[in-house]
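Each chain is listed here by its residues.
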Amino acid sequence: NIRQDIEQKIETALKAKGVGEWTAGDLGPGGANMLFEVSNIDNAISIILEELSKTGLDKKTIIGRRINTEAEDWFYEVVYPNNFNGVFLTM
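Parameters and conventions
Residues numbered from 1 in each chain as written. Predicted model: local features only at pLDDT ≥ 70, side-chain atom pairs only at ≥ 80, totals over all residues. Heavy atoms only, no water. Helix = DSSP H or I, 4+ residues; strand = E, 2+ residues; numbered from the N terminus. Rg over C-alpha atoms; globule rule 2.2 N^0.38 Å. Buried < 20%, exposed > 50% of the residue type's maximum accessible area, 1.4 Å probe, protein only. Contact = heavy atoms within 4.5 Å. Areas by Shrake-Rupley, 256 points an atom, 1.4 Å probe, with all protein chains shown as cover. Lys, Arg positive; Asp, Glu negative; His and termini not counted. Charge placed at Lys NZ, Arg CZ, Asp CG, Glu CD.

Enquirer: Help me understand the overall build of the protein chain in this model?
Expert: Helices and strands together make up the secondary structure of the protein chain, namely 2 helices and 4 strands. Taken over C-alpha atoms, the radius of gyration comes to 13 Å for the protein chain, in line with the 12 Å a tight globule of 91 residues would show. Over its C-alpha atoms, taken along the principal directions, the protein chain stretches across nearly 35 × 25 × 25 Å. The buried share among the 91 residues of the protein chain stands at 24%. Of the contacts made within the protein chain by residues no fewer than 6 positions apart, 38% connect residues no fewer than 24 positions apart. If you sum the accessible surface of the protein chain, you get close to 6400 Å²; carbon and sulfur atoms cover 48% of it. Side-chain charges of the protein chain comprise 9 positive and 14 negative groups, with the mean position of each set lying 8 Å from the other.

This is how it looks when you write it as structure tokens:
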């Protein structure tokens, strides 16, 4: 329920700024996964972190962006935190 509540809050904030929307989410081995489709990653990150900071989750969050290499192939690049050097667990 917490993941879904946060997804809704983030989506509301992204839509209010005309930056993006929620597309999927699940619980994975590393925690909650939330997938948003955004038009501007820099604006979206600040909006997402603002919402997460209200719940104290901003310091426990890893944000990645999907880099498409082909129509059905991609990888994720971690964009937050800047100094992340661990394993990014995906959906």
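Alright, that's what it looks like, and here's the rest.
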